[in-house]
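Coordinate inspection notes
The residues making up each chain are set out below.
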Amino acid sequence: TRGEWSLRILLIRFKPVLLTVFAQATTWATSQGTMFESAMKTSCEMIGSCWNKEQTHVDMFIVGLAASIA
């Protein structure tokens, strides 16, 4: 459905943003740690709100992030 496609595209586009934020988090000063916290909070909210509706897409997003980090 259209909602599934929109979520999939959102997660695909959000992944590189998260990876960039996570990669740079250790080099930022404390004042920029809010960007990391915001990215984490947004990720958790997206995963939590979409899990029951679109578990497959969310699961693929989590696995993709884990594979990129490992």
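1. Some remarks on the confidence of the model for the chain
Scored by pLDDT, the chain comes out at a mean of 81, with 81% of its residues at no less than 70. Helix 1 (residues 2–24) is the least confidently modelled element of the chain, averaging 81 in pLDDT, while helix 3 (residues 55–69) averages 87, the highest of any element.

2. Remarks on helix 2 (residues 33–50)
The terminal C-alpha atoms of helix 2 lie 26 Å apart, and with 18 residues this matches the ideal 26 Å at 1.5 Å per residue to within 8%. Within the sequence span of helix 2, burial applies to Ala 39, Ser 43, Met 46 and Cys 50. On an axial view of helix 2, the arc spanned by its buried residues comes to 70 degrees, and they lie on one face. Among the exposed residues of helix 2, those pointing more than 90 degrees away from its buried face are Thr 34, Glu 37, Lys 41 and Gly 48.

3. Describing the side chain of Ser 43
Tracing the backbone through its elements, the reader meets Ser 43 in helix 2. Judged by relative accessible area, which is 8%, Ser 43 ranks as buried. Side-chain polar atoms of Ser 43 contact the backbone oxygen of Ala 39, separated by 2.8 Å.

Criteria and cut-off values
Residues numbered from 1 in each chain as written. Predicted model: local features only at pLDDT ≥ 70, side-chain atom pairs only at ≥ 80, totals over all residues. Heavy atoms only, no water. pLDDT = per-residue confidence, 0-100. Helix = DSSP H or I, 4+ residues; strand = E, 2+ residues; numbered from the N terminus. Expected span 1.5 Å × (residues − 1). Buried < 20%, exposed > 50% of the residue type's maximum accessible area, 1.4 Å probe, protein only. Arc of directions from axis to C-beta. Polar contact = N/O pair within 3.5 Å; in protein donor to acceptor, adjacent residues only side chain to side chain.

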